[in-house]
Protein chains: 2
Amino acid sequence: MSDFAPTEARLRNTIQKYPAFPREPAVLVRLVKHLYKEVHDEANAVMRPYGLNHPEYNILMMLYGAPGNAMNPSQLADAAGEKSANVTRLTTRLSEMGFITRAASEDDRRKVELTLTPAGVELIETFLPDIVTLLHRQTRNLSMLEQAQLEGLLKKMLAGFGG
Amino acid sequence: MSDFAPTEARLRNTIQKYPAFPREPAVLVRLVKHLYKEVHDEANAVMRPYGLNHPEYNILMMLYGAPGNAMNPSQLADAAGEKSANVTRLTTRLSEMGFITRAASEDDRRKVELTLTPAGVELIETFLPDIVTLLHRQTRNLSMLEQAQLEGLLKKMLAGFGG
DNA sequence: TATTGAATATACAGAAATGAACTATATACT
DNA sequence: AGTATATAGTTCATTTCTGTATATTCAATA
């Protein structure tokens, strides 16, 4: 449970030296960063016994939630927040392990269709209980109302990106 | 401005197949992940012309906010959310570039003191205008009240980690 | 004061991620 | 049709990161 107070202190010093530095945006960005690191590390730890890491978990879950358990690499890159070159590597490995298949698309021959295999589905449903526990733990400090509020604010912030 | 609707749809499918999967915690984690990726990529893009990347920017800013512009590697690892082995590498590079110095601590000889050089401070104050612009852009959709609410909720969530 | 255990930082090898270049296919335009 | 432009995916070289082992110093205590 990393303490955020030192970050606040550093930010005060920074602003004293450089008054134009915007406190609130900087706090938000640093909080997001810290939260992500925790999420990432904890997910890695949970997945390790299954021979997977956090990005691989993500890929699998995106497919699990897709119609027909299938997606293209580019959709997957977008969904999982990975660069496309990285999706190639990740899906190659998952396919070597037998959890997904790779097939050329019929209608557009540039496209590739990645599909979960039954073994992939089985694997997912094996590790999901651990993930469910993790997710509950990671949000245990927030009431349902607070979770909903947080969701709304994060979406709003995210929507402002990329301009 | 990556659209979040497909994520929601995937989550609905997932829950239909696996009802125990907690929607709200999963949404929050995915939002944090997407936000972080955007923050990371955009910061990398802004820093590139200065010959730096996002983690290096972070290291420099942590030092800039520290008393005496100095910290130990372990403090820095905690502050910047980097693994300590990575801090060694990052600070070695920054020191080779002349932006920080590395010195053995007087009182505890296990410790190392990393300090910003004048060149480091100058560099920071050169790129800060671009960062300030970036930070404002990344939070432009949120009112000041919303930013404060978001800060509170993120802190609360973060405080629940690590148990 | 020895000894044991904890803390700090680094080294190193292997794994993961990135950016840029490239191939192949599809779409738009004239 | 023919040419230019855009899109999908991969490859490759390089950079970045991680986990683990190790060296050194400090702290506690018997």
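Structure: see above.
Residues numbered from 1 in each chain as written. Chains lettered and ligands numbered in written order. Predicted model: local features only at pLDDT ≥ 70, side-chain atom pairs only at ≥ 80, totals over all residues. Heavy atoms only, no water.

Caption draft 1: Spotlight on the nonpolar core. With 104 residues, the main nonpolar core has Phe21, Leu60 and Phe127 of chain A together with Phe21, Leu60 and Phe127 of chain B as its most contacted residues. Other than its neighbours up to four places away in sequence, Leu60 of chain A contacts Leu52, Leu94, Phe99, Ile100, Leu116, Leu123, Ile124 and Phe127 of chain A. (Core = buried A, V, L, I, M, F, W, Y, C linked by side-chain atoms within 4.5 Å. Buried < 20%, exposed > 50% of the residue type's maximum accessible area, 1.4 Å probe, protein only. Contact = heavy atoms within 4.5 Å.)

Caption draft 2: Region of the structure containing the sheet that holds strand β2 (residues 100-104) of chain A. All names here are of chain A. A sheet is described by the order of its strands in space; here three strands give the open sequence β1-β3-β2, paired in antiparallel fashion. A single partner strand is all that each edge strand has here, and the edge strands are β1 (70-71) and β2. Pairing of β2 with strand β3 (residues 112-116) involves five bridges; the strand directions are antiparallel. Paired with Ala104 across the strands is Val112, a residue of β3. (Pairing = 2+ DSSP bridges. Helix = DSSP H or I, 4+ residues; strand = E, 2+ residues; numbered from the N terminus.)

Caption draft 3: Just the protein's contact with DNA strand D, in detail. Close to DNA strand D lie 22 residues, the nearest being Ser74, Arg102 and Arg110 of chain A together with Arg89 and Arg110 of chain B. By atom count, sugar and phosphate contribute 78% of the portion of DNA strand D lying within 4 Å of the protein. Between a base oxygen of DNA strand D and a side-chain N or O atom of Arg110 of chain A, the distance comes to 2.9 Å. Contact distances for DNA strand D include 3.3 Å between a phosphate oxygen and a side-chain N or O atom of Asn86 of chain B. Residue assignment for the surface near DNA strand D shows that the elements contributing at least two residues are α4 (73-80) and α5 (84-96) of chain A together with α5 (84-96) of chain B. (Near = heavy atom within 4 Å. Polar contact = N/O pair within 3.5 Å; in protein donor to acceptor, adjacent residues only side chain to side chain.)

Caption draft 4: Geometry of the side chain of Thr139 of chain B. Tracing the chain through its elements places Thr139 of chain B in the loop between α6 (118-138) and α7 (144-159). Among residues more than four places away in sequence, those in contact with Thr139 of chain B are Pro25, Leu28 and Met157 of chain A together with Gln147 of chain B.

Caption draft 5: Spotlight on the protein's contact with DNA strand C. Close to DNA strand C lie 22 residues, the nearest being Arg89 and Arg110 of chain A together with Pro73, Ser74 and Arg102 of chain B. Put simply, 83% of the atoms of DNA strand C that lie within 4 Å of the protein are in sugar or phosphate. Between Asn53 of chain A and DNA strand C, the recorded distance is 3.1 Å, taken from a side-chain N or O atom to a phosphate oxygen. With respect to DNA strand C, the side chain of Arg102 of chain B contributes an N or O atom lying 2.4 Å from a phosphate oxygen. The element that contributes the greatest number of residues to the surface near DNA strand C is α5 of chain A, accounting for four residues. Split into classes, the residues belonging to the surface near DNA strand C amount to six nonpolar, six polar and 10 charged. (Nonpolar A, V, L, I, M, F, W, Y, C, P; charged D, E, K, R; others polar.)

Caption draft 6: Structural view of the side chain of His54 of chain A. Here His54 of chain A lies in helix α3 (residues 54-64). Only 2.9 Å separates the side chain of His54 of chain A from the side chain of His40 of chain A, close enough to count as a polar contact. Beyond its immediate sequence surroundings of up to four residues, His54 of chain A is in contact with Tyr36, Val39, His40, Ala43 and Asn44 of chain A together with Lys33 of chain B.

Caption draft 7: Region of the structure containing α3 of chain A. Across the 11 residues that make up α3 of chain A, a large majority, 11, are buried. Burial in α3 of chain A covers these residues: His54, Pro55, Glu56, Tyr57, Asn58, Ile59, Leu60, Met61, Met62, Leu63 and Tyr64 of chain A.

Caption draft 8: Up close: the interface of chain A and chain B. Contact with chain A, which involves 78 residues of that partner, is made by 78 residues of chain B. A combined buried area of about 7800 Å² lies between chain A and chain B, and 65% of that area is made up of carbon and sulfur atoms. By the criterion of area lost to chain B, the three top residues of chain A are Leu35, Leu158 and Phe161 of chain A, representing 9% of everything that side buries. The tally of links from chain A across to chain B stands at 10 salt bridges. Here Glu8 of chain A makes a salt bridge to Lys155 of chain B, at a shortest N to O gap of 2.7 Å. If you look at where chain A meets chain B, you find 25 residue pairs in polar contact (both at pLDDT 80 or more). Among the secondary structure elements, those contributing two or more residues to the side of chain A that touches chain B are α1 (5-17), α2 (23-47), α3, α4, α6 (118-138) and α7 (144-159) of chain A. Examining the composition of the side of chain A that touches chain B, we find that 19 residues originate from one element, α2 of chain A, more than from any other. Within the side of chain A that touches chain B, the residues separate by chemical class into 39 nonpolar, 18 polar and 21 charged. (Buried area = accessible area lost by both parts, 1.4 Å probe. Salt bridge = Lys/Arg side-chain N within 4 Å of Asp/Glu carboxyl O.)

None of this, on its own, says anything about what the molecule does.
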